[in-house]
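# Examination of the molecular architecture
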Amino acid sequence: MDQIKTYLESIAPLSEPEWLLFSSKLQHRTYEKGAVLHAAGSIENQLSFLKRGIVRFHFPHEEAEDRDFTFAFAFEGVFFSAYDSFLTQSVSQYSISAVTPSQVWQISFQDLQAIYQMTQIGNTIGRIVAEELYIAKMKREMTLLRDTAKERYLALLKERPQLIQHIPLKYLAPYIGITPQSLSRIRREIS
């Protein structure tokens, strides 16, 4: 739990009673590669902290996994969830799956709401994490609208090399908004 405590304390000072309350609500789970952590068509009830592994956010294709549309990834040391579903407690349109074997700490919607009610720091941390997610989402959307496919790939090489190193092309290509064949061509051009 040290990893999650360090992350939270990087956002705001955390008293020992606040940490004990928060940590008492966490559940540790392990997922195999390919496991679905959250399924499209269900309500997200967990906010997760990725202790180890990589997960992807995708619109599943009913006929074949290779036709899924991947639109985001989460790596070790961050919070993730089907956040829109989590916040509104409504059905999600997308799934979250483990790209690699993954370990997560999870807190339920109900437990997080209780922490928000019982502590001021919970509200502060929740707001800052939500702001960080919003900024990352806006940056990604602007890149998709403004940059060429080659520019998006080069930016990934520079800013998020772990994507290039650990994510299969079939997931990476739709993430940057192109086909796997176009991504292969771009990779050949810059090698």
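In this report, we go over the structure that sits alongside the text. (Residues numbered from 1 in each chain as written. Predicted model: local features only at pLDDT ≥ 70, side-chain atom pairs only at ≥ 80, totals over all residues. Heavy atoms only, no water.)

### Things to note about the overall build of the protein
Tallying secondary structure elements over the protein gives nine helices and eight strands in all. For the protein, the C-alpha radius of gyration of 18 Å lies close to 16 Å, the compact-globule estimate for 191 residues. Taken along its principal axes, the extent of the C-alpha atoms in the protein is 55 × 35 × 25 Å. Looking at the 191 residues of the protein, the share that counts as buried comes to 42%. Long-range contacts, defined here as pairs at least 24 residues apart, represent 71% of the contacts in the protein between residues at least 6 apart. (Helix = DSSP H or I, 4+ residues; strand = E, 2+ residues; numbered from the N terminus. Rg over C-alpha atoms; globule rule 2.2 N^0.38 Å. Buried < 20%, exposed > 50% of the residue type's maximum accessible area, 1.4 Å probe, protein only. Contact = heavy atoms within 4.5 Å.)

### Overview of the nonpolar core
Counting residues in each nonpolar core, the largest one holds 23 residues, and the members touching the most others are Ile 4, Leu 8, Phe 22, Phe 79 and Ile 125. Those elements that place two or more of their residues in this core are helix H1 (2-11), helix H2 (16-24), strand E3 (46-52), strand E8 (102-108), helix H4 (109-118) and helix H5 (120-146). Not counting residues up to four positions away in its chain, the partners in contact with Ile 4 are Trp 19, Phe 22, Leu 26, Phe 49, Phe 79 and Trp 105. Counting 18 residues, the second largest nonpolar core, distinct from the first, contains Phe 73, Val 99, Tyr 171 and Leu 172. (Core = buried A, V, L, I, M, F, W, Y, C linked by side-chain atoms within 4.5 Å.)

### Digging into the packing of H1 against H5
Here H1 crosses H5 at 90°, and the two axes come no closer than 10 Å. Overall, the two elements H1 and H5 adopt an arrangement that is roughly perpendicular. Between H1 and H5, the residues in contact are Tyr 7, Leu 8 and Ile 11 and Ile 125, Ile 128, Val 129 and Glu 132, respectively. Residue composition of the contact of H1 with H5, by class: six nonpolar, no polar and one charged. (Axes fitted to C-alpha atoms, helices over the stretch in contact; angles between N-to-C directions. Parallel < 35°, antiparallel > 145°, perpendicular 65-115°, else oblique. Nonpolar A, V, L, I, M, F, W, Y, C, P; charged D, E, K, R; others polar.)

### Considering the side chain of Thr 119
With respect to the helices and strands, the residue Thr 119 is situated in the loop between H4 and H5. Since its relative accessible area comes to 11%, Thr 119 is described here as buried. At 3.1 Å, the side chain of Thr 119 and the backbone nitrogen of Gly 122 are in polar contact. Non-local contacts of Thr 119, meaning those with residues more than four positions away in its chain, are made with Glu 18 and Leu 21. (Polar contact = N/O pair within 3.5 Å; in protein donor to acceptor, adjacent residues only side chain to side chain.)

### What to know about the packing of aromatic side chains
All chains considered together, the criterion is met by 14 aromatic pairs. Ring geometry for Phe 73 versus Tyr 175: centroids 5.1 Å apart, planes at 65°, classification edge-to-face. Remark: Tyr 175 occurs in helix H8 (residues 169-175) and Phe 73 occurs in strand E5 (residues 69-75); sequence separation between them is 102 residues. When sorted by exposure, Phe 73 lands in the same class as Tyr 175, which is buried. Lying across the ring of Tyr 171, Arg 56 places its NZ or CZ 3.8 Å from the centre. Between Arg 140 and the ring centre of Tyr 175, over which it is positioned, the NZ or CZ distance is 4.1 Å. (Phe/Tyr/Trp six-rings, centres within 6.5 Å; stacked < 30°, edge-to-face > 60°. Lys NZ or Arg CZ within 6 Å of the ring centre and 35° of its normal.)

Worth remembering: the numbers are spatial, not functional.
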